[in-house]
Amino acid sequence: MRINRINKKTPPTDPTVSNFSEIDKLLAEYKGRKGTVIPILQGVQEILGYLPPRVFQKIADNTGIPVSDLYGVATFYAQFRLHPVGKLMIKVCHGTACHVQNASAVSSAIEEALGVKDGETTSDGLFTLESVACLGCCSLAPVMMIGNDTYGKLTGAEAVKIIKEIRQKEMSTTSDPVNNK
Amino acid sequence: MNDLIKIIIDGKTIQGEPGETILNVAKRSGINIPTLCHDPRLDPYSSCYLCVVEVKGMRGHQPACSTGIAEGMEVTTNNEAIRKSRRTALELILSNHYADCFGPCRQTCPAGADVQGYISLIDKGMYTEAVGLIKEANPLPAVCGRVCVRPCEAACRRLLLGEPYGVGIDYMKRFAADQDLKSADHFRPVVKPATGKKIAIIGAGPGGLSAAYWLQCEGHQADIFEANPKPGGWLRYGIPEYRLPNDILDQEIERITELGARIFCNQKLGDNLSYADLKIKYDAVILTIGSQKGAKLGVEGDDAENVFSGIDFLRNMEMTGKRADFSGKTVAVVGGGNTAMDCCRTSIRCGARKVYVIYRRTEAEMPANPIEIHESKLEGVEYLFLTNPTYVNKDSNGKLKSVTCVRMELGEPDASGRRRPVPVKDSEFDLPVDYILAAIGQKTEVTFLDDVNTHASEGQLKITKWGDVEADRLTLQTGIPGMFAAGDGVTGPATIIEAIAQARIASHSCIQYLTGEPVTPLRKEFISRKEALKTPEPDMMAGKYENQVRMEMPVLDAADRFNFNEVELGYSSEETTRHEANRCLECGCGAIYTCDLKKYATEYEAVQNHYTGGFKEYDVDFRHPFIEIDNNKCVLCSRCIRICREVVGASALGLVNRGFDTFVAPAAGLSLSDTHCESCGLCISACPTGAISENVPFKPGPVKLTEAPTIDFMGPEGFEVDLKHHKGFFHEATGRKGIINHMGNINRRLKFGYRLLNNTDRITKPMLRQDGQWIETSFENALSLIKEKLTTSRPDENAFFAGARLTNEEQYLVQKLARGGLKTNNISSFHYLGRGDGYLPNGDFGVPFNDLHGVNHFFIMGCDLNTDYPVVSFLVENARFKNGARLVNITTASETPLDYKATSTIRVKNYYALLKAMNHYLLHAGKQNDMYLKAVSLNVDEYRNNLLSQDYLALVANSGLSQKDVEKLADDYNLSSNAVLIFSEKEISSAASTEAANLAMITGKHGKTMMGLLPLRENNNSQGLWDMGIRPKLGVGQQSITDPQFRAKLCKTWGINNLPETSHCTRELLETGKINNLLIFGEDPAGCAFDKPEITKMLKKAGFIVVMDYFMTPTAQLADLLLPASFPFETGGSFTNTQRNAQPFQATMGCKPELSTPGQLAALCNQFGLPTPQQPEEIFIEMVQVLPGKKCQQLSLLTTETDNSARRFDFGCDALVRMADEVFKSAMN
Amino acid sequence: MQNTKIIVGLGSCGIAAGAGKTYQKIETLIAEGNLDVKLGKTSCVGMCYREPLVEIHDASGVYLYGDIDESRVPEIIEKHILEQKPVKEYLVKTDLFPTPDDSFLKDQVKITLRNCGMIDPEQIEEYEAHGGYQAVKKIAAEKLTSADIIKTVLESGIRGRGGGGFPTGLKWKFAAGYSSPEKYIICNADEGDPGAFMDRSVLEGDPHTVLEGMIIGGYAIGASDGVIYCRAEYPLAIKRLNIALNQAREKGYLGTDACGIKDFNFDIHIKEGAGAFVCGEETALIASVEGRRGMPRKRPPFPAQSGLWNKPTNINNVETFAGIPWIILNGAEAFANFGTEKSKGTKVFALAGKVKRSGLVEVPMGMTIRDVIFNLGGGIKDDKKFKAVQMGGPSGGCIPEYLADTVVDYDSVTATGAIMGSGGMVVMDETTCMVDVAKFFLDFTCKESCGKCTFCRIGTKRMLEILERITNGEGKPSDLDELIDLAQQIKDNTLCGLGQTAPNPVLTTLRYFRDEYEAHINQHKCPAKVCKNLLTYTVNESKCTGCTVCARNCPVNAIDGERKKAHTIRQDACIKCGLCFTKCKFDAIEMS
């Protein structure tokens, strides 16, 4: 008899995705075309904000692309997220120019202020903090991007100040930031 | 033909084909380049960078596996820089290889005993085999099973699970060793032929005995000289009998002397034995003298009477055979080791009123085995911890009166890491005692030094500053060439297992010396150890294994111990032992004998922790019932992923993440069993390490496996396989490259179905049903009973059925028995029962497997390729991967395993109607290949007229497709170049099969390269049924039984003068109850029937049923007499595959039943006056004599009238296939 | 006021600096004042250091203003537009008088960037007005053959501007040599080097020139389709490319009989990358376009023979394509007149880091690095000491100050151990720790390794770990030999450029700044005072005034002290962020 091992792995549980209709539309658009894995995943992420595990099977069933390929691609490229993110992405640039101008101080000040680490989302679901390679605004280093707005020539304290202002504004305009995709 | 390319590899000019890689060319010319990621079945990849070579003019190193050759290329495959790169590659991989080659038990064992291996054998009840394995490292398992200090158990990872005890390794070892000692057929090692070399071994202790064992195994004569009256050394004179009974020791010594080793007692070197003699008579000497001089107590007054050294006390009793009498006395034993334990427990047994153990530290620091301390307390020994004797008080006669002791406390740790005891001031006290036994250490006695050195002609024997024999640490060579030393005499007092380990080294060196080789240390193989990266901790183990209680050793009741009876009684049953075996966590890797990483790491002397840093730790994924994934061992060569994509076509596995975080997995946390995984096991075959392995239901060991090459006996392709077993227990089945199996692939049925061969309920003796009970009977009785039954019925009241899984030889004998012996043509197989003769030509119609790689369009009709036809399936998939071949799946099922792979799936109602409609369309539209038809085919007009007169639209309607789709499909097949229609007899009726053949001819595709038809039969020797005459009307070679020439040939060959003329439909005879005696060889109609009650009823109409099979199948249960069947690999013979390649194979395993299947059939034939050989080769020769001469067959379009899909049995009516598929199905659910 | 036009620079960098708001403000003020002024937009002119830039064209001339954020707009409108008095203090460039910024532009030669900051990138007509699509028209009119074009490109001497430096003409010749009904030309716009942004600027500022370059290349090699593989992180570039593609299709530059050349059926599509540096490598890029993991494979076969979908494929980067129309129009010789013997033409550099004027510059090959940094870049920020310049990003290396007279061309730069790369130039001063820089790049390549090759996957990680040990003060003297040894082996034993060049930043810093490594290891000191774990911050009580600035700025509240009394730093809580050090006005915080 073999040793009695305990199976720890449980199948992934998904937060319910209420509506696949937009995804169906997207998949229909790409039907029968080749080289569509990345655009499909990008499109789905655009719709859902991230790529929940269940969606891979759905795409696979529709396209005939093996799940292993889809998942392999989704985990290879930095753009794809397998977990939900906050309403606003805080992207702190860690490109060379930013690095030599102390971008790490900016990151650590934000981490400290928001109580999250790189890649994590604040408990109120408002912000997700992310280090990125280069935003291409080297002349304004160090730089961060919140949503679509870029902020340059930062220090840690300034970055925190900007974030606090945004949070305040968000709190006053919306009561439930989590569901506000 | 392309021109060959010349390149220079390592100075040798070698030719290669354009497009070939350096690796291929080098390999072909015998230059070995290491690689982990290359698999000849797959496209080049280049990830491991082990195969790097230098190419002149190119920067850096090039991976040989993907660098194409070019004219004039100069390649260097081996130099210092290349070796360094390879070593670095290995070291980098190993720095992230959090895995163990061996479990901690084996790593910790000084002798390196393969603990996990022998536990796996013990678990299977293979005790003798277990002892054999143990003896590779330790020739004294029964002794060690009792008295070893068991570092293995202390290292056992089960302790990390929070359990109080490690696995009871020694208890199991003892059980196995005792079973073997008791066994009439005990383990005997393979002994090499005598070399004529002689070795003198000084001392018959554990080291000397062990050295003698290994030397004898190598064919050298080992003579042991023992100073004491009896052999055993410390085992006899140091360890009391209640722990190690002398008879056990004697038996184990006997196992060594029976190999030819001799023991001369009362011979003491330097005393009554001189090196001068040894030097003349012996070719080498091994000193295993032990360390036997007891140390004194070492305090003032220790010369008092009744103060002894412990070991002198113990030895004295053994020498004199007299027990000491301590009745009513008080004994103080000083010391905390195992000798102290032996002394105190012996003292109790000698009647002492009170026994103290005085030890200067606490119990926690005691070196003695905890179990010994525990037992001694049970027996009444009292402990004085943190106490040290300082003075022995004598009376006026110099006799011991008392001992003055001082209390101690623990101070700073000393060199040994233990806290140093320091006396507590003013804490002296007096302890009145009658005897003191000092068990505080031993010294080595080297009284023969002068004798040896005086007579040594070369070199000198030296003594270390501790007084031990000086020998090289790694080779144990002493200062005198040809003289080696081992054991306590070298190391100072140590353990038995260490002495044995040393003896191994010394005998290895000695053997080298004797054969004239330079004396070098044992070659160190690379061992991956988790500890090299990080010592496993409890939280790394938590939640991964179930807790299991240790099976405790039964012991004598404490009250019954005032004697020298063995206290530990040994495990009482196999069940208890198996329970304990089950606790083994199998920490060691299953791939140690096959792992390329280990092989290369050894070859390149890689160091696992050369590069240290972060590493990944993964949970082993064993959710798939047959395949487990251990990413810790993965080298990311992607071979598993690639083979699954390129050959299997399932793409069940993929890479997840990137860079250092990459690992192999089915997607998104899925289990492999939730993917398109076909459980073919090719991923396992592709893995160069143990990262993907078979999830076996038994303890894998691993143990060294023996290959039993044979041919697939569960499918019709006839692919070559190796069954791998250890002493008859099957561990694995792997594909073997061969004529059929170019890629060395395998499928699910055999890859995992081989496990059925281990089933313990195999029928090995004839069984007779009596009063509803099965009773064993002899072959003689069984065969004469058959004769009696058959001869009391009329010939045609007997019927013979032979299965498609029988060898050609066996099938031949069955029909010989029927026709020649019983004079009946009632000979058939259930496999084809009532299905018509339309399948007959299928064996000749197939596109050769080797052509499939060039096919561009596959039309697959009604068959589950990957389960039933792996070779074809993998060739099809590879063609799809390589040339983008199209796969059209045509099926009547609503869902097939092929759906997801197919380029398109066409769902139809009836294959026969479809094929006929297609033929109708093509002929009607004039799209047939007239030129072809004219040239090769008969009956064209007849066929055309008949077909075109039929109702096309009705055919179309029956096909289940629209007219447009039928015509599109027909055009598609007709117009596609390199198109092949593949179908299986499993789903396609014989009439449809005929129409398919017609289609291939109408389109002119049959017989051309890489196109036409590929009909596939069901079982491994379905073709044999046609060729061996398992048909009422057809004899051997498909010859008509009414053909007078053939009949004459048969009569002559068989030595008879008449043969039955008439033939009947066996199905009708059965159904109408006209059969009295029904003999079924290797088929399971009752178990495989679609309509089981109906078939059972039909079978039961026979009065007397004989069934021959491996297991108690449902058909066997209906029998009156059961005959045991032999597996094909137990007898050898030949199978004819679906492409009509007759392939002989040899017997590669011993035959379990006393009489094999051909043996029984031959015996039956002989009983009926047909002289018949038993050997497959001879049967084959006889069979060849009655074959027809070769004749060219004229092709012909054959008219069919109606469909005849009368298939009644699944699994080709074979119990083994049925069981394999059922086991798989239930495992996956 | 008539004929007055205001143009706002709306490149990504400008927008980041607030140009969007500036634009809105101007728009508002024009509307409010009902001014007869045209408002237009352009892209980055390269003077990122002065963004937001606003250019005013009026009867008196052209005025370029810098640093015009929203708040300064009213002043400019008021004074320049209404009062017709240029605001001197914000002027960056004018014909009226020289400005200090003139030297930024003076030595530049703009071929690639000829239209950047000049035209509205969203108007094809503006491109056409600036000579756009004249090259393809020339091809059509003069019936130039594929061979003619390849000959011109070969003679121009232009080499791949993406980093490899392989002669573009040769590459085209190979691709043209394989015949196939399907053939692809790919523009690699997956600019991944941290510290490089010229491709982004070109795509945003002059998308049509890239398209035109691709059309010419496509015609030359006989391609059936073009693909622009652009990183998704450049949304503005993608947006403008899409606009440009639609305009080009409408005008017939793309599609059936493209540019009016008969049987030249050619279109271009955008594929968005998804974030993987390794996809800059050709075979990985192809894998990515096909929708697979971007993992390189062994070459040969080269893409020219078997590339996208196993068809002949040619890949060039943005900057290379952008130069092609100019070469066709002006001739090979005109291009070859610039540059050095083996490196012809001009090269765009992204100047960043500790340099006064960071931005994009295009200079003829052969200019010295020192000239680029000091003449164009204006020298080192805060007049600190110039220490080194990093060129070539993660594949490149650091060129020390004493080699600053090295000229920029492929071979000279390579000789220093760095590479030209795509043109990132990150300037470093005395406060930059070279070990930290090496660690930074290795961390980058380590994260970006695709994970295929053993040496790259594990080797770079082990190198990084050694560097981490060194910067944590746990280095051993033997670590340096170990680093060099591993670095060499990684270079020798990997499949693609990423792995083969990953050790370069370590090797060059070790070559030129070994003393810094040794200081970390032997003295546990970071001479540039960057490596946190080797620093301690303390308060000099004699200098501390108790102003509480440090305590208020400390992100972890590790500074105690009452107002007007000397403060203290609790070392166990200090995260060594250095904020107190930078904030203290009395130099009372000391770092050691």
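Note that this is a predicted model, so its numbers are computed, not measured. (Residues numbered from 1 in each chain as written. Chains lettered and ligands numbered in written order. Predicted model: local features only at pLDDT ≥ 70, side-chain atom pairs only at ≥ 80, totals over all residues. Heavy atoms only, no water.)

J.: Honestly, the overall build of chain C in this entry has me stumped. Any pointers?
T.: Counting secondary structure elements, chain C contains 23 helices and 18 strands. With the C-alpha coordinates aligned to their principal axes, the bounding extent of chain C is approximately 85 × 70 × 40 Å. Across the 592 residues that make up chain C, the buried fraction comes to 63%. Once local pairs closer than 6 in sequence are excluded, the contacts in chain C between residues at least 24 apart make up 69%. As displayed, chain C has an accessible area near 21400 Å², and 49% of this comes from carbon and sulfur atoms. (Helix = DSSP H or I, 4+ residues; strand = E, 2+ residues; numbered from the N terminus. Buried < 20%, exposed > 50% of the residue type's maximum accessible area, 1.4 Å probe, protein only. Contact = heavy atoms within 4.5 Å. Areas by Shrake-Rupley, 256 points an atom, 1.4 Å probe, with all protein chains shown as cover.)

J.: Looking at this structure, I do not really get the overall build of chain B. What am I missing?
T.: From N to C terminus, chain B includes 44 helices and 44 strands. Taking the principal axes of the C-alpha coordinates as reference, chain B spans close to 135 × 85 × 60 Å. The buried share among the 1229 residues of chain B stands at 61%. Restricting the contact set of chain B to residue pairs at least 6 apart, pairs at least 24 apart contribute 73%.

J.: So what exactly am I meant to see when it comes to the sheet that holds strand β26 (residues 706-711) of chain B here?
T.: Pairing between sheet strands relies on hydrogen bonds along the backbone, with the strands arranged either parallel or antiparallel. Residue and element names in this part refer to chain B. One open sheet accounts for 3 strands, arranged β26-β27-β28; its pairing is antiparallel. With one partner strand each, in any of the chains shown, β26 and β28 (729-735) form the two edges of the open sheet. When the angles between neighbouring strand axes are averaged without regard to direction, this sheet yields 30°. Pairing between β26 and strand β27 (residues 720-726): 6 bridges, direction antiparallel. Bridged to I711 within β27 is E720. (Pairing = 2+ DSSP bridges. Axes fitted to C-alpha atoms, helices over the stretch in contact; angles between N-to-C directions.)

J.: Before we go on, may I ask you to explain the sheet that holds strand β14 (residues 382-384) of chain B in this structure?
T.: Residues and elements named next belong to chain B. Spatially, the 5 strands line up as an open sheet ordered β11-β19-β12-β13-β14, and their pairing is parallel. Only two strands of the sheet have a single partner each, and these edge strands are β11 (307-309) and β14. Neighbour-to-neighbour, the strand axes of this sheet turn through a mean angle of 25°, independent of strand direction. The pairing of strand β12 (residues 330-334) with strand β13 (residues 354-358) spans 5 bridges and is parallel. Each bridged residue has a counterpart across the sheet, and for T330 the counterpart in β13 is K354. Set on the sheet, helix α13 (residues 310-320) makes contact with β11 and β19 (435-438); between it and β11 the angle comes to about 80°.

J.: Even after reading the chapter, I still don't get the nonpolar core, so can you show me in this structure?
T.: Soluble, globular proteins show a tendency: their nonpolar side chains are buried together. Residue and element names in this part refer to chain B. In this structure, L287 and I982 are the most contacted members of the largest nonpolar core, which totals 378 residues. With 9 residues, the top contributor of residues to this core is helix α18 (residues 496-514). Beyond its immediate sequence surroundings of up to four residues, L287 is in contact with I202, L269, F448, L461, V469, M483, F484, A485 and A486. (Core = buried A, V, L, I, M, F, W, Y, C linked by side-chain atoms within 4.5 Å.)

J.: Could you clarify how one ought to interpret the domain arrangement of chain C in this entry?
T.: Where the parts come together, the accessible area they lose is often given as the size of the interface. Examined at the domain level, chain C breaks down into domain 1 (4-101), domain 2 (124-335), domain 3 (346-429), domain 4 (434-522) and domain 5 (536-591). The gap between the C-alpha centroids of domain 3 of chain C and domain 5 of chain C is 37 Å. (Domains from an automatic or database assignment.)

J.: Would you mind going over the interface of chain C and chain A with me for this structure?
T.: Listed as interface residues are 51 residues of chain C and, on the opposing side, 35 residues of chain A. Together, the buried faces of chain C and chain A total about 3300 Å²; carbon and sulfur atoms form 60% of this surface. Between the two partners, chain C and chain A, sit 0 salt bridges. A total of 5 residues in the side of chain C that touches chain A trace back to one element, the largest contributor, which is helix α17 (residues 434-448) of chain C. (Buried area = accessible area lost by both parts, 1.4 Å probe. Salt bridge = Lys/Arg side-chain N within 4 Å of Asp/Glu carboxyl O.)

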